[in-house]
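Observations on the model geometry
One-letter residues, chain by chain:
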Amino acid sequence: MERRNALKTGGGIGLMALFGALGLLQPGKAFAEWNKTAFSSKSMEEALAALGVDKPDNSDAIKLTVPEIAENGSVVPVTVACTLANVQQISIFVDKNPNVLAANFTFPQGTEGIVTTRVKMGQTANVVALVKADGKFYRAAREVKVTAGGCGG
Amino acid sequence: MGNPMKIRASVKDGVTEVKVLMQHEMETGLRKEADGTLVPAWFITEVKAQHQGRTVLEAQYGQSISKNPYLLFRFKGGAVGEKVTVTWMDNKGDTRTDEAAIAA
């Protein structure tokens, strides 16, 4: 009996050590796990559900800066700046893209609620910013007209 | 190991502003070559920025982020000469880390 128990315990420890070693060998372990469900969402509803958001309120405290017209849909600058206190997360969506979620930023204490990035847009669509501040979700959206063919019209 | 990033960090009134330009193709996996073959997805999925070992920003990217991703953010604190480190990882598991000293 005793020997069996010892073997079991020993095996357990061996397995734990193995997992530990694997963890150390994977460089990706330093990151939070990539949210595959959210990033492969095909619609806003699907993406919001994947992020665990119900119906976020529109907020004037979110300043979403995007060009009105983008002549090059492959590089559209997006800035989200919010005056809300205690910003924890900012997500950026393009509602007509094949995968609607573009990026999800997490802000530790002391990082200000502002972020600039560049997104690709396949066609004229709404850029949506979702902000989590003090545990509550807010949103803001603006349309960007994407002019195809580079004729600027 | 990927190509080097350009990182600029500067501190003003107790707030450090960090600008990062990563070099990456950011293939969506939806684009086709002229002969109709699909170009496989290859894009940065995670980004992490640290100041003196403390995480100041974490990001997850999808396929909609533009080629050679640009990133700007600000955090409280930071002093001239201190280091800001940025690491990214792509969907193939490749990673790249670069650092820059905070300027005035």
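Residues numbered from 1 in each chain as written. Chains lettered and ligands numbered in written order. Predicted model: local features only at pLDDT ≥ 70, side-chain atom pairs only at ≥ 80, totals over all residues.

Quick word on the overall build of chain B
Regarding its fold elements, chain B presents zero helices and seven strands. Traced from its N-terminal end to its C-terminal end, chain B shows the element sequence β-β-β-β-β-β-β. A burial count over chain B gives 38% of its 104 residues as buried. Taking contacts inside chain B between residues at least 6 apart in sequence as the whole, the part at least 24 apart equals 56%. (Helix = DSSP H or I, 4+ residues; strand = E, 2+ residues; numbered from the N terminus. Buried ≥ 20, exposed ≤ 12 C-beta atoms within 10 Å, placed from the backbone. Contact = placed C-beta atoms within 7 Å.)

Focus on the overall build of chain A
Within chain A one finds three helices and nine strands. Along chain A, from the amino end to the carboxyl end, the secondary structure elements read α-α-α-β-β-β-β-β-β-β-β-β. Here chain A holds 153 residues, and 31% of them are scored as buried. Relative to all contacts within chain A whose residues are 6 or more apart in sequence, the contacts with residues 24 or more apart total 63%.

Side note on the interface of chain A and chain B
Contact residues are listed per partner, giving 31 residues for chain A and 29 residues for chain B. Among the elements of the structure, β6 (101-106) and β7 (111-119) of chain A are those that each provide at least two residues to the side of chain A that touches chain B. Among the elements that make up the side of chain A that touches chain B, the one with the highest residue count is β7 of chain A (eight residues). Across the side of chain A that touches chain B, the residue classes break down as 17 nonpolar, 11 polar and three charged. (Nonpolar A, V, L, I, M, F, W, Y, C, P; charged D, E, K, R; others polar.)

Some details on the sheet that holds strand β4 (residues 76-82) of chain A
One open sheet holds the six strands; their spatial order is β2(A)-β4(A)-β7(A)-β5(B)-β2(B)-β1(B), and the pairing between them is antiparallel. Each of the sheet's edge strands pairs with one partner strand only, and the pair in question is β2 (62-65) of chain A together with β1 (6-12) of chain B. Within the sheet, the average angular offset between the axes of one strand and its neighbour, ignoring direction, is 10 degrees. Two elements, β2 of chain A and β4 of chain A, share four bridges in a ladder whose sense is antiparallel. (Pairing = 2+ DSSP bridges. Axes fitted to C-alpha atoms, helices over the stretch in contact; angles between N-to-C directions.)

Note that every value here comes from positions in space, so none of it alone points to a role or purpose.
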